[in-house]
Amino acid sequence: MPDAPNLIIQLQRMGDLVLSFPLLVWLKAAEPDRPLWVLAEPAFFKPLMPLSPSVVFFPPEAADQLARTPLHRVINLSHRPEAARIASRMRADHKLGALSTGDATRIEGVWQLYRASLVHNNRHNLFHWADLNALDIISPTAMRRTAWPSPRLPQLTRGGRVGLFVGASEAAKRPEPAFWGALARELILRGHKPVFLGGESERPSGTAAACAAGIPRSNLCGNFRLDELLRFLRELDLLISPDTGPMHISAWGGTLTLNLSMGPVNAWETAPFPPGHFILRPTASCVGCWRCTRNPESPPCREHFQPARIAFLAHRLLSGKPDPKEGGKAEQFPLIPGLELMRTRRVSPLGLFDLEFLSGKLTENSPRNARSALGHFWRQWFLTRLNRHTQSQTPDLASAACRLAEFHPRALPLLHAHLPRIQAECALALRRNTPLPEEFWRGTPPLLRPLTGYLQLLLENGDYRRDVWKETLEHLEHLAALL
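Overview of the structure. (Residues numbered from 1 in each chain as written. Predicted model: local features only at pLDDT ≥ 70, side-chain atom pairs only at ≥ 80, totals over all residues. Heavy atoms only, no water.)

### A short note on helix α5 (residues 81–89)
Those residues of α5 not exposed but buried are Ala83, Ala84, Ile86 and Ala87. For α5, the buried positions fall inside an angular range of 160 degrees around the axis, keeping them on one side. Structurally, α5 contributes buried residues whose contacts are with β1 (6–10), β2 (36–40), α4 (63–67), β4 (71–76) and β5 (92–101). (Buried < 20%, exposed > 50% of the residue type's maximum accessible area, 1.4 Å probe, protein only. Helix = DSSP H or I, 4+ residues; strand = E, 2+ residues; numbered from the N terminus. Arc of directions from axis to C-beta. Contact = heavy atoms within 4.5 Å.)

Given below as structure tokens:
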């Protein structure tokens, strides 16, 4: 049916809906004459419609009506059980994402399956969530052709207008009010005009921060509806925010954004998606964890975020001295102990989301270099394996392996040493016709878990059928041959 619509199901939070916008852009470019529909929560999509690509939104209550409409493609981007049940009911030629019938749930799409395998296992993942939403149907070549707008330049005629968003979905992801108050004071000393932003639930935190800063009338938490907040963010010169939905709204709307990436978040997955925005994150080896195991309520990585240093960095970003252009030298930006500054970009050969390091001392034996090399190796390996049946450009896996050997010399021998045990365990389960034990992927070294986590979910998702076993063993043989 050439005119049958595409339907995207996104029943998650505000930030997830904004991170679905790139997929909508790519689908509109690939099939400009095909209707594009989105099933989402009205509380989010209604105020975001001025910012969204041109699509038709439906509330969840419209699912019964949509189930009677012939569709071309259904893409379920939600992990909520009701979204999987809705996707299963749709009449569509193609389906991607989680589908649920009765007690059984199945994930369609190799990249949707990879995304699901990241639960509690995303330590070495270098794919952005927005790219993972699309890779099953949008080629990296098409991604590379897409031009994204740069953030607006600050207008500093009378000091920068800086928004400080004090909220986040989890306490571990956001600083305390005392931090925000001290940061506001430091910004005022540098000639800027800070205001505190947040929802109704953040009003007490905003009040405490504003009083600590000595500017009690600057607390705007709870003052805006979502559509009003969207317009207000466009008037700012800079938003400083933890990982939260309004951060994505700010960046998508073109406001320069500095993401304080603290707590159990992975900037490669959920940083501002458009190019030209900034991320400040810890240099700790556990950065990007799924959940802190040292102090879940107050992760120690937050201690490195010092208000005076962040205010100095914000002043540099606002002043434009030096102008942060692509390829700028890392020495142009201040070195903050325990933290590293990165900028979002899309300059990789495949057009995927990327982060450019702008500060922090790099040495040949730097742990950051070693971990970065391992992450890039797995990104190239999965691109090679999961895109092998498409016409997408083949990534340079050999170069990634050479880089891994140079910067993480212990990695390849460890991979080589542990791979036979994994192959043997898989062969034994296949011979006995039994599932892999639940602890299979967790029992492997962390540098191998991107592979073992994906393979275990691949087998479970395919009910351990022979063809799925064949695919699993082919992945293992490919890696063994490469090593």
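Next comes the rest of the write-up.
### Concerning the sheet that holds strand β11 (residues 278–282)
Read from one edge to the other, the open sheet built from seven strands follows the order β8-β7-β9-β10-β11-β12-β13, with strand pairing classed as mixed. The outermost strands of the open sheet, each flanked by one partner alone, are β8 (193–197) and β13 (354–357). Direction aside, neighbouring strands of the sheet carry axes that sit 25 degrees apart on average. Bridge analysis of strand β9 (residues 238–241) against strand β10 (residues 257–260) gives three bridges, and the strand direction is parallel. Its bridge partner lying in β10, Leu239 is registered against Thr257. Its contacts with the sheet put helix α11 (residues 226–234) on β7 (161–165), β8 and β9, and the angle it makes with β8 is roughly 160 degrees. (Pairing = 2+ DSSP bridges. Axes fitted to C-alpha atoms, helices over the stretch in contact; angles between N-to-C directions.)

### A few points about empty space enclosed by the protein
Summed over the entire model, instances satisfying the criterion amount to two cavities of 30 Å³ or more. The calculated volume of the largest cavity comes to roughly 50 Å³. Classifying every residue of the lining of the largest cavity gives five nonpolar, five polar and no charged. Roughly 40 Å³ of internal volume is contained in the second largest cavity. Every residue lining the second largest cavity is listed: Val18, Leu19, Pro22, His248, Trp252, Phe273 and Pro274. Of the residues in the lining of the second largest cavity, the class split is six nonpolar, one polar and no charged. (1 Å grid on protein atoms, 1.4 Å probe; cavity = no way out; pocket = protein on both sides within 12 Å on 5 of 7 lines; lining within 4 Å. Points joined across faces, edges and corners; volume = space filled by probe spheres on them. Nonpolar A, V, L, I, M, F, W, Y, C, P; charged D, E, K, R; others polar.)

### Focus on the packing of helix α18 (residues 449–461) against helix α19 (residues 466–482)
The geometry of α18 relative to α19 is characterised by a closest axis approach of 9 Å and an angle of 165 degrees between their N-to-C directions. Between α18 and α19, the angle falls in the class roughly antiparallel. The crossing of α18 and α19 is right-handed. Of α19, the residues touching α18 (which contributes Leu451, Tyr454, Leu455, Leu458 and Leu459) are Val468, Trp469, Glu471, Thr472, His475, Leu476 and Leu479. Tallied by class, residues from the contact of α18 with α19 come to nine nonpolar, two polar and one charged. (Parallel < 35°, antiparallel > 145°, perpendicular 65-115°, else oblique. Left-handed = near helix turned anticlockwise from the far one by under 90°.)

### Observations concerning the state of the cysteines
What the rule picks out here adds up to zero disulfides. Between Cys221, a free cysteine, and Cys211, which holds the nearest cysteine sulfur, the sulfur-to-sulfur gap is 12 Å. On the basis of relative accessible area, Cys221 is assigned to the buried category, the value being 0%. (Disulfide = S-S within 2.5 Å.)

### Considering the pattern of salt bridges
Enumeration over the complete set of coordinates arrives at 20 salt bridges. A salt bridge links Glu170 to Lys173, with the shortest nitrogen-to-oxygen separation between them at 3.6 Å. Overall, the relative accessible area of 26% leaves Glu170 in the partly exposed class. On the accessibility criterion, Lys173 (11% relative accessible area) is buried. Residues participating in the shared-partner salt-bridge network are Glu31, Arg34 and Arg73. (Salt bridge = Lys/Arg side-chain N within 4 Å of Asp/Glu carboxyl O.)

### Concerning the pairing of β11
Of all five residues that make up β11, five are buried, and the element is covered over most of its length. Burial of the side chains of β11 extends over both faces: Phe278, Leu280 and Pro282 are buried on one face and Ile279 and Arg281 on the other. Sheet topology places β10 next to β11; three bridges connect them, and they run parallel. Opposite Leu258, over in β11, you have Phe278 as the bridge partner.

### Quick look at the packing of aromatic side chains
Throughout the structure, instances matching the rule amount to 22 aromatic pairs. Summarising the aromatic geometry, the rings of Trp26 and Phe273 are spaced 6.2 Å apart at their centres and angled 80 degrees between planes, so their arrangement reads as edge-to-face. Taken together, the residues span a long stretch of sequence, with Trp26 in helix α2 (residues 21–30) and Phe273 in the loop between α13 (267–270) and β11 at a distance of 247 residues. No difference in accessibility class separates Trp26 from Phe273, as the two residues are buried. With a centroid separation of 5.6 Å and an interplanar angle of 80 degrees, the aromatic rings of Phe382 and Tyr454 are classed as edge-to-face. Taken together, the residues span a long stretch of sequence, with Phe382 in helix α15 (residues 367–386) and Tyr454 in helix α18 at a distance of 72 residues. You can call Tyr454 buried: its relative accessible area is 1%. Aromatic ring contacts, followed pair by pair, group Trp111, Tyr114, Phe127, Phe377, Trp378, Trp381, Phe382 and Tyr454 into a single cluster. (Phe/Tyr/Trp six-rings, centres within 6.5 Å; stacked < 30°, edge-to-face > 60°.)

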